[in-house]
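This is what each chain is made of:
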Amino acid sequence: MAETNANASAGRKPIRIWVDGCFDMMHFGHANALRQARAMGDYLVVGVHSDAEVERNKGPCVMKEDERYAAVAACKWADEVVKDAPYVTTLEMLDKYNIDFVVHGDDITTAADGTDCYQLVKDAGRYRECRRTVGISTTELVGRMLLLTRDHHIRGPRSKSPTQGVDEAAVANFSQGTKAANIAHYLSTTKKIIQFSSAREPQPGERVVYVDGAFDLFHTGHIEFFKKARELGDYLLVGVHDDQTVNAIKGGNFPVMNLQERVLGVLQCRHVDEVIIGAPYSVTKDVLEDVYHVDAVVHGASDQPRDIDGADPYALPKAKGIYHEVDHPRLDLTTTAIIERIIESRHVYIERQARKAKKALAEAEAEQREKEINAALRA
């Protein structure tokens, strides 16, 4: 594991922890919760709800259940994934997997009937909390994409406006009464990047493999690509392009997530060893030699991009004979495909966002009541 617990020692029963959730569009906020939970014990079991279970209690997911299962399994802090976990966490489920306690963020999550999903384990004294990552959520990401239209999936001119291409009427109607659709970006810190970093250096004799890209809305297509690329070596170095570069190449409102958000999404993946933040779009001599000596540069066989000036971004590694192309089983899943899911079912997701905003308000009120009750009991 990338992160070990100092309390783990021979002769003591390992502390087994349970975290569950939808993990829709598995982002670094989810990963940070798993990181915090894993640090509380020795073995982390992550329960992931099925599509049917989420639909009943929360509304439709963007990502299908098999995609969500795979995304959680690729997080370096998850030791085991339990598929089709119940939406309301039960003591029977904890006992089945020999769990000591459950970890959840410092907010209340309710089922369709309004009950606290963790009340049973709270009453049993098998509940702990971790800090929720402020500034990122699936609701926030869906909100950003709902403000786009199909016109934003084509190459377009760069703009200084932070709301380039945004449907202003949609902003006015959709964001009224909720922050879910506001254009907001998480601001990372060096501490967070260090927490997510593996801190592992390539050892003598290990082959370093380099891949690069935007890695926007980090998904199982990216994960499968990383797995294939890593098979060509021992150490995976990932270059993540900055926002200006991605926007210049893709246009419109891309990227959906900013550089810091995308870097953390890549760093949480168990197949990644190190990241170059703001890597150049065309692979340069500096990339191949200054960070580590790169033995192989890998790119997807189905995607043949060109730099802004029309040049082949992989001309140098091709000339050096270290360029490779790989296929993987999830070529159908791309960032654009995810956005298409949102746009094609726009009305469904707008209704979903509205329901979630109403549900979030009720959960906040319940959380405040719980705090008041606990304060009264301590008085």
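The shown structure was predicted, so the numbers you read here are calculated from the model rather than taken from an experiment. (Residues numbered from 1 in each chain as written. Predicted model: local features only at pLDDT ≥ 70, side-chain atom pairs only at ≥ 80, totals over all residues. Heavy atoms only, no water.)

**Re the packing of aromatic side chains**
Phase 1: Using the criterion set out here, one finds eight aromatic pairs in the structure.
Phase 2: Aromatic side chains Tyr118 and Tyr127 sit 5.9 Å apart centroid to centroid with 40° between the ring planes, which places their arrangement in the tilted category.
Phase 3: Judged by relative accessible area, Tyr118 falls into the buried class, the value being 3%.
Phase 4: For Tyr127, a relative accessible area of 14% gives the class buried.
Phase 5: Relative to Tyr323, the ring of Tyr314 has its centre 5.4 Å away and its plane inclined at 40°; by these criteria the two rings are tilted. (Phe/Tyr/Trp six-rings, centres within 6.5 Å; stacked < 30°, edge-to-face > 60°. Buried < 20%, exposed > 50% of the residue type's maximum accessible area, 1.4 Å probe, protein only.)

**A closer look at the state of the cysteines**
Cysteine pairs can be covalently joined through their sulfur atoms, and such a bond is termed a disulfide.
Phase 1: Across all of its chains, the model carries zero disulfides by this definition.
Phase 2: For the unlinked cysteine Cys22, the closest cysteine sulfur is that of Cys61, found at 5.1 Å.
Phase 3: For Cys22, a relative accessible area of 8% translates into the label buried.
Phase 4: Cys75 takes part in no disulfide bond, and the closest cysteine sulfur, belonging to Cys269, lies 8.6 Å away. (Disulfide = S-S within 2.5 Å.)

**Here we look at the confidence of the model for the chain**
Detailed conclusions should not be drawn from predicted coordinates in areas where pLDDT is low.
Phase 1: Taken over all residues, the pLDDT of the chain has a mean of 85, while the share at 70 or more is 82%.
Phase 2: Residue range residues 149-183 is modelled with pLDDT below 50. Its contacts to residues more than four positions away, or to other chains, number 66 contacts. (pLDDT = per-residue confidence, 0-100. Contact = heavy atoms within 4.5 Å.)

**Overview of the sheet that holds strand 6 (residues 208-213)**
Phase 1: Across the sheet, which stays open at both edges, the five strands sit in the order 8-7-6-9-10 with parallel pairing between neighbours. Looking at strand neighbours, the two that pair on one side only are strand 8 (274-277) and strand 10 (323-326), the edges of this open sheet. The sheet shows a mean angle of 30° between the axes of neighbouring strands, direction not considered.
Phase 2: For strand 6 and strand 9 (residues 296-300), the ladder comprises two bridges, and the chain directions are parallel. In the strand pairing of strand 9, Val209 is matched with Ala296.
Phase 3: Lying over the sheet, helix 9 (residues 220-230) contacts strand 6, strand 7 (235-240), strand 9 and strand 10, oriented at roughly 135° with respect to strand 7. (Pairing = 2+ DSSP bridges. Helix = DSSP H or I, 4+ residues; strand = E, 2+ residues; numbered from the N terminus. Axes fitted to C-alpha atoms, helices over the stretch in contact; angles between N-to-C directions.)

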